[in-house]
Structure formats: structure tokens, C-alpha cells
Amino acid sequence: MTSNILILCATGMLVSAYLMVGQKALLTTIRLYGAQSLLLGIVATTIALAEGRHELFVTAALTVTLKAALIPWFLLRTVDRIGIHREIEPALNVPASLLVCLGLTVVGYRVSTGFLEGARGVGHHLIGVALSLLLIGLFLMVTRKKAITQILALLTVENAVFLVAIGVTEGMPFIVELGISFDVILAVLVLGILVQRIVGRFESMDISRLSKLKG
Amino acid sequence: MIPDVLLATGAALLQAGGMLAVAPLLKTLIKKMKARLQNRQGPPLWQGYYDLAKLLRKEPVRSETASWVFVAGPRVYFAAAVAATTLVPVLIAAAPLEAAGGILLLVGTLALGRFALATAALDTGSPFGGMGASRDMTIAALAEPALLLGLFASALAVGTMNLGALVRTLLEQEPAWHPSDFLAFAGLFIIVIAETGRIPVDNPATHLELTMIHEAMVLEYSGPDLALVEWASAVKELLYLTLLANLFMPIGIALRAEPVALAIALVAWAGKVFLLAVAVTVVESTNAKLRLFRVPELVSVSLGLAFLALAIRFL
């Protein structure tokens, strides 16, 4: 049962990443990220209950409050304030992006069989999904031009790292976890302000304009 | 002993009749739940039947330029939808006419119905019909392979393309989830929304020329012809939800035709279809309709997910 729930949630995270790639409305992307973080929280809770690792309850609580509620709320507010709701045409169009992401998932899954832990069973799927998420996150960061989408891609990568850390390893020391969580929230805050500044100056969230000379 | 042929025919008639009887209820139920989410009263649950009865009583009005293709369209569409219901296991872990074929026949039958309706829409030469047909085909060209791939993914897990045998094997073996199942489910869920003309793809409640797909295709129909199209669409929707429920949540399906097991199966089936209907309603109420040019992107996501579901089995 435990492994079923873990697989369900991990695959759900992968599906949410695909939906992020597949559409351009910023609000939906932010909500998808919230759902993804919620699933990560469920993964942490499930492992905590099944293996009696009580410190994971704290991780789950942190994940859900920070990443599934606070960060999406903050980003939604930022989007609301700057009044830009859509991703502009990404560097690669959606069907092509999806094809690339399919390839990346296959690569991630193939690589996961190389890990000792990932040879079979739940570990295989968890590492496979996490590596795929990591690659998809990096890919999104490269191809999307909006600052908000890039933040979300960065956060997806961070979710992927957490999935491996929680699901496969013995878990990170608590202080490291706390540090990462605050790092993430600080990064989002700073990036949120940065986005507002970019929009204020360039009247667009297109970060490719940053490299243009201003006379 | 009753010969197998008669038994299968009887079961097929019962199942098709049952699905035909329940389908309008499902459609109204979704409409009602949607209305409730928007703080409206919504139609009474029997509204679907009233609408059909009203339409069936009326006289069909057909364009002077319409040929037999226009008349045949709704009939073939309706027949295909009814035929498809006999290929899917609903209450018992066996489809009445499973000897005839499995996944490929099911998808092919549904494609035949769609083809008939699209050609009929082109027949009168009205711009709306042609527009609707071309839009419907654009989406179908992506949705159909995704549907096939998604169904293949679950067939691959069990080793049979026959839907009845597939569900039987699923029931007998230990429930062990694979990422592939969930990916296929997610892919097929998007397909169901696209195929039944629900909101991110098409809006069943409006006749706005810029956005309508299915409604544009059947705009020329009236009276009994329209009733057939509406009824068949409702049956198709119920069919897709049943397929999703029974392939991915095969709990409660009866293995043998015993009264108690059948009663449990009926309750389980109604519950599962209701849950899926709630999911469809929530998706419809919380999303905005996509621009037509964005729809292929959404459908290609489901194609990607279905492909991935298949690929992950080999990794």
C-alpha cells in the first residue's frame, strides 16, 4: 500500500510537470506547482508513517505550508499585481517541448536503473521520476522567457531533489533541510521583487530584453 | 442450456439498453453539479429525458440541399455509440460482445461514428457545419492516437487487447500500481474531456461561433435527428467514464452473474462514475476555455503522457 501511494504521488508530480510544459497560463502553472508540492508533502508523510521516521513529519509540514501554500500565494499575488497572465511564445513551441521532455524522461528513467537503490521496486520509480523532474525543470528554465516561469522551473528542480532526498536516502539533517527551506522562500521573495522591478522598467516579463542595450 | 450466441446477444441488449437509459441522467447530473458550484439551482435531474422526449416528438427540418448523407449521419453516429457500449465491461468483468473484438474495434467503432457525423456536417454546405467538422477532426487526429496508446498501456500490463479479459485479469491479480497506470489515466482523462466536448476544449453550453466545435457540427440538425446526436453524445460520455473507471479502478466488478455480486457491482459502478463526473465538473468549473489554437497543445500533452505510459513499462 505504501509503495502504491508513493508511486501514485511521484507520478502525479511528473504529470504536473508535463502539464506545466503543456500550457502557458501563468496562474495554472503556479497552481500546478502548488499541487506538485502538496504531492511531495504526501510522499513525506507516507514515508514518515510507514517507516516511523518522525522527523519527516516536520519536512512534510514545512513542504506543505511553504511550498504548497505560501509560495504559490505569493507568486499569484505578484502575477496579480503586475497584471501579466500569459507566457509569451517560448523559445521552443509546445509540441516540440513535449517531445524533448519525453526524451528527457526516458533518459531519467534509464539512468535511474544505474543506481544501486534504483535497480528495482519503488526506488526505481522515485529516482526515475525525480531525475525526469530535474531535467524537465532545467529544460523549462532554458526555454521559457518569463521570469515567473523560470522561478517555477527552479522550484520544480528543488522539488525533484527533495523527492530523492526523502524517498531514497536516509534524509537530510534537519538543520540542512531548514536551511534549504528558508533559502527557497528567500529566493522566491527576492525573485518576486526582481520580477516586479523588471516589469516596472521594461513593461514586460520577457527576460531576453535584459540583454538588450539601453541607450 | 441457452446457446452462447443468444446469451451474448441478450447481455448486449441489456447492457446497451441500460447505458442508453442512464446516459441522459449523467449529462444532467454534470450540468446540475456545475450549476450548484456557481450558486445556481440547475435543471431537475430528469431534464435530459424531457429534452430528448421533446426533440423526438418534433418534426425534423432539413435543408433542401441536404442529401442522404445528412440523414444518415446521426443514425450512424447513434448506432456506433450503442454498438460501442457492448464492447466494454460495465458490471460484469466481461463485455457482452467481447468475442467480436477488443480495444481496436472499440476505437474504430467510435471513429466510424465521428466520421459519419463530420461528413454529414459537410453535406449541407453551411459554413458552420464545415467549420465544426474541420475543428472536430483536428482534435480527433491527436485524440484518437492518444486514446489508443493509453488503452494499449493498460493492455500491455496484462497482455491482452480484449477489454473483458483485461478487466478479469486485473481483478484476479494483486493490485500493484505502476507509474504507467497513472500516466495512462491522466492522459485518458484529458482525452475524455476533449472527446466529450467539455470546457477547456469545447463549451457544451454555448453557441458562440468563434469557439464551438461539436455544437457547430450539429447546428443544422433539429427534432429527432438532433435527439439522436445528443443521446449518442451522452452515451459516449458515459462509455468513456465507465472505461476509465473499470480499467483503472476495477474494484467491485462482478466476476460472475450472481444477484448479490451484480448489486454490489451496480453500486460500485455508479459510485465510480459519479466520482469521475465530479472530477469532470470541477475541471470544467475551475478552468477557462482554451483558445482553439491552444487545444492541440493540451491534447498533445495527453498524447505525450499516453506515450510515456507505454514507454515506462520497458524502462
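What you are looking at is a predicted structure, and each value in this text was computed from that prediction instead of being measured.

Student: Give me empty space enclosed by the protein: which residues, what numbers.
Tutor: Residues and elements named next belong to chain B. Under the defined criterion, the tally for this structure stands at three cavities of 30 Å³ or more. Counted as a void, the largest cavity has a volume near 50 Å³. Around the largest cavity, the lining residues are L147, L151, L188, I191, V192, Y240, L243, L244, L247 and F248. Within the residue set of the lining of the largest cavity, elements represented by two or more residues are α5 (127–158), α7 (179–195) and α9 (223–248). When residues of the lining of the largest cavity are assigned to their parent elements, the largest contribution, five residues, is made by α9.

Student: Hey, could you go over the nonpolar core for me, with residue numbers and the actual values?
Tutor: If you look at the biggest cluster of nonpolar residues, it comprises 149 residues, and the most contacted ones within it are A:Y18, A:L75, A:I148, A:L155, A:L163 and A:M205. When neighbours within four sequence positions are excluded, A:M205 is seen to be in contact with A:L26, A:I82, A:I84, A:K145, A:K146, A:A147, A:I148, A:V195 and A:V199.

Student: Give me the packing of aromatic side chains: which residues, what numbers.
Tutor: Considering all chains together, one arrives at five aromatic pairs over all chains under this definition. Ring centres of B:F78 and B:W231 lie 5.7 Å apart, and the angle between their planes is 50°; this geometry places the pair in the tilted category. Here B:F78 is found in helix α3 (residues 68–85), whereas its partner B:W231 is found in helix α9, with 153 residues between them in sequence. Using a relative accessible area of 17% as the deciding quantity, one classes B:F78 as buried. On the basis of relative accessible area, B:W231 is assigned to the partly exposed category, the value being 22%. An aromatic cluster is defined as three or more aromatic residues linked by ring pairs; in this entry it consists of B:F185, B:F189 and B:F248. Over the aromatic face of A:F162 sits the side chain of A:K67, whose NZ or CZ is 4.0 Å from the ring centroid.

Student: Tell me about the side chain of B:R114, and name the residues and values.
Tutor: Within the secondary structure, B:R114 is located in helix α4 (residues 103–123). Those residues within four positions of B:R114 in sequence are excluded, and the remaining contacts are B:Y77, B:D136, B:M137, B:A140, B:E144, B:E195 and B:Y240.

Student: Please provide a residue-by-residue account of the interface of chain B and chain A, values included.
Tutor: By a frequent convention, interface size equals the accessible area lost on bringing the separate parts together. Contact residues are listed per partner, giving 19 residues for chain B and 22 residues for chain A. Of the roughly 2,000 Å² buried where chain B meets chain A, counting both sides, 78% is carbon and sulfur surface. When residues of chain B are sorted by the area they lose upon contact with chain A, B:W177, B:F182 and B:L315 head the list and together hold 33% of the total. Our enumeration of links across chain B and chain A arrives at zero salt bridges. When residues of the side of chain B that touches chain A are traced back to their parent elements, those giving at least two are α7 and α11 (295–312) of chain B. If one sorts the elements of the side of chain B that touches chain A by residue count, α11(B) sits on top with eight residues. Here the side of chain B that touches chain A is built from residues that sort into 14 nonpolar, three polar and two charged.

Student: Break down helix α2 (residues 47–57) of chain B for me, citing the residues and quoting the values.
Tutor: Residue and element names in this part refer to chain B. Those residues of α2 not exposed but buried are G48, L52 and L55. Down the axis of α2, the smallest arc covering the buried residues is 70°, so these residues share one side. In this structure, the buried residues of α2 make contact with α1 (4–37) and α9.

Student: I'd like to hear about α7(B), residue by residue, with values.
Tutor: All names here are of chain B. Relative to the 24 Å expected for 17 residues at 1.5 Å per residue, α7 spans 24 Å between its end C-alpha atoms, a close match to the ideal helical length. Within α7, 16 of the 17 residues are buried, leaving the element largely enclosed by the surrounding structure. Phi turns positive, to about 65°, at G197, one or two residues after α7.

Student: Account for the packing of α1(B) against α2(B), naming residues and giving values.
Tutor: Residue and element names in this part refer to chain B. At a minimum axis separation of 7 Å, α1 and α2 run at an interaxial angle of 115°. Contacts between α1 and α2 involve A21, V22, P24, L25 and T28 on the former and, on the latter, Q47, G48, Y49 and L52. For the contact of α1 with α2, the class distribution of residues is six nonpolar, three polar and no charged.

Student: Describe the confidence of the model for chain B, with residues and values.
Tutor: Looking at chain B as a whole, its pLDDT mean stands at 90, while 100% of the residues score no less than 70. With a pTM of 0.90, the predicted complex shows an ipTM of 0.84.

Student: So what's going on with the confidence of the model for chain A? Residues and values would help.
Tutor: Averaged over all residues, the pLDDT of chain A equals 85, while 95% of them reach at least 70. Mean pLDDT in chain A bottoms out at helix α7 (residues 174–202) of chain A, which sits at 82, and peaks at helix α2 (residues 26–51) of chain A, which reaches 91.

Student: I'd love a proper account of the side chain of B:E284, names of residues and values included.
Tutor: All names here are of chain B. Inspection of the secondary structure assignment puts E284 in helix α10 (residues 259–286). On the basis of relative accessible area, E284 is assigned to the buried category, the value being 2%. When neighbours within four sequence positions are excluded, E284 is seen to be in contact with I30, K34, R198, I199 and P204.

Student: Outline the pattern of salt bridges, supporting the account with residue identities and numerical values.
Tutor: Residue and element names in this part refer to chain B. This model, assessed by the stated rule, comprises 13 salt bridges over all chains. Here R75 ties to D225 by a salt bridge, and the two come within 3.1 Å at their closest N and O atoms. Note that R75 is positioned in helix α3 and D225 in helix α9, a separation of 150 residues in sequence. For R75, a relative accessible area of 36% puts it in the partly exposed group.

Thresholds applied
Residues numbered from 1 in each chain as written. Chains lettered and ligands numbered in written order. Predicted model: local features only at pLDDT ≥ 70, side-chain atom pairs only at ≥ 80, totals over all residues. Heavy atoms only, no water. 1 Å grid on protein atoms, 1.4 Å probe; cavity = no way out; pocket = protein on both sides within 12 Å on 5 of 7 lines; lining within 4 Å. Points joined across faces, edges and corners; volume = space filled by probe spheres on them. Helix = DSSP H or I, 4+ residues; strand = E, 2+ residues; numbered from the N terminus. Core = buried A, V, L, I, M, F, W, Y, C linked by side-chain atoms within 4.5 Å. Buried < 20%, exposed > 50% of the residue type's maximum accessible area, 1.4 Å probe, protein only. Contact = heavy atoms within 4.5 Å. Phe/Tyr/Trp six-rings, centres within 6.5 Å; stacked < 30°, edge-to-face > 60°. Lys NZ or Arg CZ within 6 Å of the ring centre and 35° of its normal. Buried area = accessible area lost by both parts, 1.4 Å probe. Salt bridge = Lys/Arg side-chain N within 4 Å of Asp/Glu carboxyl O. Nonpolar A, V, L, I, M, F, W, Y, C, P; charged D, E, K, R; others polar. Arc of directions from axis to C-beta. Expected span 1.5 Å × (residues − 1). Axes fitted to C-alpha atoms, helices over the stretch in contact; angles between N-to-C directions. pLDDT = per-residue confidence, 0-100.

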